[in-house]
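Structural characterization, general
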Amino acid sequence: MMAGAGEDARALFRAGVRAALEAWPALQIAVENGFGGVHSQEKAEWLGGAVEDYFIRNADLELDEVEDFLGELMTNEFDTVVEDGSLPQVSQQLQTMFHHFQKGDGAALREMASHITQKKCKVKATALKAAKETDGDQDDADSVEEMEVTATNDGATTDGVSPQPEPSDPNSQNIKEEDIVEDGWTIVRRKK
């Protein structure tokens, strides 16, 4: 009887680990953008097994050990440094699940996994929006708008809104150089 329950808890722990990793935006963004190369999806699946084995092999892990392990996996496999503060949260979830597993508390594991999955569905829409903003799509959209605005202003030198700076004027040249550093879109303008 007990062995069966242990197996059951192990399967639930495995499912919980995978649920936690699947709901982890940092990992999802890395997979969706192929940061792990062509095999990003397979790596993500392998990651679940690696994390599960890590807990099984090390009975008493400190939270920071779990964080380090996860962080190293993300760096090595996905070339990603997780700096959004999610590492401690995910590590804590995994650690809590492992404690449930050690106690053979399948119900708690099942509960936790389904809670994570439900939360993930709610978060996903927000995460997608955030991902778009962070991976530069948003900026590109802005650049296009800015570029158009700039282009019209440049054309409209008559009303003196945006006179074309003369290359011979060293000051305007300096200003442009700084702009390029601060504002990506002015580069587009300079190429014209």
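Just so it is clear, the structure is predicted and the values come from calculations on it, not from any experiment.

On to the packing of helix 4 (residues 63–78) against helix 5 (residues 86–103). Helix 5 packs onto helix 4 with a crossing angle of 115° between their chain directions and a minimal axis gap of 9 Å. For the pair helix 4 and helix 5, the crossing hand works out as right-handed. Between helix 4 and helix 5, the contacting residues are Leu63, Val66, Glu67, Leu70 and Gly71 on the first element and Leu87, Pro88, Val90, Ser91, Gln92, Leu94 and Gln95 on the second. A breakdown of the residues in the contact of helix 4 with helix 5 according to their chemical character gives seven nonpolar, four polar and one charged.

If you check which residues of helix 2 (residues 25–32) are buried, you get Ala26, Leu27, Gln28, Ala30 and Val31. Phi for Gly34, located one or two positions after helix 2, is positive at around 65°.

Low-pLDDT stretches of the model should not have their predicted coordinates read in fine detail. On average, residues of the chain carry a pLDDT of 76, and 60% of them reach 70 or more. Per-residue pLDDT stays below 50 along residues 136–163; that stretch engages in 19 contacts with residues further than four places along the chain or on separate chains. Throughout residues 172–192 the model reports pLDDT below 50, and contacts reaching past four residues in sequence, or to other chains, amount to 19 contacts.

Cut-offs applied
Residues numbered from 1 in each chain as written. Predicted model: local features only at pLDDT ≥ 70, side-chain atom pairs only at ≥ 80, totals over all residues. Heavy atoms only, no water. Axes fitted to C-alpha atoms, helices over the stretch in contact; angles between N-to-C directions. Helix = DSSP H or I, 4+ residues; strand = E, 2+ residues; numbered from the N terminus. Left-handed = near helix turned anticlockwise from the far one by under 90°. Contact = heavy atoms within 4.5 Å. Nonpolar A, V, L, I, M, F, W, Y, C, P; charged D, E, K, R; others polar. Buried < 20%, exposed > 50% of the residue type's maximum accessible area, 1.4 Å probe, protein only. pLDDT = per-residue confidence, 0-100.

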